[in-house]
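Letter by letter, the chains look like this.
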Amino acid sequence: MPARNKEQETEVMVWIEAVLGEKLPPGNYEDILKDGVILCKLINKLAPGSVKKIQAKGTNFQLMENVQRFQAAIKEYGVPQEEIFQTADLFERRNIPQVTLCLYALGRITQKHPEYNGPRLGPKMAEENKRIFTEDQLRASEGQLNLQMGYNKGASQAGHGGFGNTRHM
C-alpha cells in the first residue's frame, strides 16, 4: 500500500475548502471525509444536482451510501473507474492514499469542464499533442514487407487439410 502523503492531503483539503467556499470542520483528513457529506457537497458544487440526497446523520450504512453516491457522480463527471477509490478505502481506512489519488483525479477532470472556473488541484492537463509528419516520413515504411503481409519465408498452411486432421508427412 502506498504511503500517505500529508502534503497532498493538505492540498486536497485546501482545494475542497476553496471549491465549497467554506471552512472544513476540524479533525483529521479521513474523519472529515468519512461520512461522504463533504464529498457529496463537493461534487454538487462542481456538477450541480449530481447527488440528490445527502444523509447528514444516520447509520454507517446510510453514511456509506453518501460515499457511493459521490463515487457514481464523479464517474459520471468523467473520473476514470480505475482512479475511483473503494468505499472501504475511506470508510474503514483501508487505503487513504487511494482516496487522495481519486480526489486529485477529480481535480484534474474539472479542467475538462469549460463551465468550471474554480481553483485547480494538481498539475495542468495537456491540451493536445499534435504531430506533423512530412510526406517522406509517412512514405518511409511503404517499401517494407512486414510479416502481416503474408510473406513468411514460404511457410503456409497448404496441405494442412483443415481443422482436426492429422498432418501427413
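Preceding this section is the structure that the text describes.
Cut-offs and rules
Residues numbered from 1 in each chain as written. Predicted model: local features only at pLDDT ≥ 70, side-chain atom pairs only at ≥ 80, totals over all residues. Heavy atoms only, no water. Helix = DSSP H or I, 4+ residues; strand = E, 2+ residues; numbered from the N terminus. Buried < 20%, exposed > 50% of the residue type's maximum accessible area, 1.4 Å probe, protein only. Areas by Shrake-Rupley, 256 points an atom, 1.4 Å probe, with all protein chains shown as cover. Expected span 1.5 Å × (residues − 1). Contact = heavy atoms within 4.5 Å. Salt bridge = Lys/Arg side-chain N within 4 Å of Asp/Glu carboxyl O. Phe/Tyr/Trp six-rings, centres within 6.5 Å; stacked < 30°, edge-to-face > 60°. Lys NZ or Arg CZ within 6 Å of the ring centre and 35° of its normal. Core = buried A, V, L, I, M, F, W, Y, C linked by side-chain atoms within 4.5 Å.

Asks: Pulling in residues and values, what's your account of the overall build of the chain?
Replies: Along its length, the chain carries seven helices and zero strands. Listed N to C, the secondary structure of the chain is α-α-α-α-α-α-α in terms of helices and strands. Taking all 169 residues of the chain together, 35% fall into the buried category. Carbon and sulfur atoms form 52% of the exposed surface of the chain, whose accessible area is close to 11,700 Å².

Asks: So what's going on with the side chain of glutamine 71? Which residues, and what values?
Replies: Its place among the elements puts glutamine 71 in helix 4 (residues 60–77). Relative accessible area serves as the criterion here: at 11%, glutamine 71 is assigned to the buried category.

Asks: Which residues make up helix 6 (residues 96–109), and what are the values?
Replies: Along its 14 residues, helix 6 runs 20 Å from first to last C-alpha, staying within 8% of the 20 Å computed at 1.5 Å per residue. Within helix 6, twelve of the 14 residues are buried, which leaves it mostly tucked inside the rest of the structure. Every buried residue belonging to helix 6 is among Ile96, Pro97, Gln98, Val99, Thr100, Cys102, Leu103, Tyr104, Ala105, Leu106, Gly107 and Ile109, and all of these are buried. Where helix 6 is buried, its residues contact helix 1 (6–20), helix 2 (29–34), helix 3 (37–46), helix 4 and helix 5 (87–91).

Asks: An account of helix 4 is needed here, citing residue identities and associated values.
Replies: Along its 18 residues, helix 4 runs 26 Å from first to last C-alpha, staying within 8% of the 26 Å computed at 1.5 Å per residue. Every buried residue of helix 4 is accounted for by Leu63, Asn66, Val67, Phe70, Gln71, Ala73, Ile74 and Tyr77. Looking at the packing, one finds that the buried side of helix 4 touches helix 2, helix 3, helix 5 and helix 6. At the exit of helix 4 stands glycine 78, carrying a positive phi of roughly 125°.

Asks: Lay out the pattern of salt bridges in plain terms, naming residues and giving numbers.
Replies: A full pass over the atoms with the stated rule returns ten salt bridges. Residue glutamate 9 pairs with lysine 6 through a salt bridge whose shortest N-O separation is 3.7 Å. You can see glutamate 9 and its partner lysine 6 sitting in helix 1, three residues apart, about one turn around the helix. The salt bridge involving glutamate 92 is made with arginine 94; its shortest N-O contact spans 2.7 Å. Owing to a relative accessible area of 45%, glutamate 92 belongs among the partly exposed residues under this scheme.

Asks: Let's hear about the packing of aromatic side chains: which residues, and what values?
Replies: If you walk through the whole model with that rule in mind, you get one aromatic pair. Here the guanidinium or amino end of lysine 34 rests over the ring plane of phenylalanine 91, the centre of that ring lying 5.0 Å away.

Asks: An account of the nonpolar core is needed here, citing residue identities and associated values.
Replies: Ranked by internal contacts, the top residues of the largest apolar core, which has 37 residues, are Ile16, Leu33, Leu103 and Leu106. Of all the elements in the fold, those that place two or more residues in this core are helix 1, helix 2, helix 3, helix 4 and helix 6. For this core, the element with the highest residue contribution is helix 6, accounting for eight residues. Ignoring any residue separated from it by four or fewer positions in sequence, one finds isoleucine 16 in contact with Leu24, Leu33, Ile38, Leu42 and Leu103.

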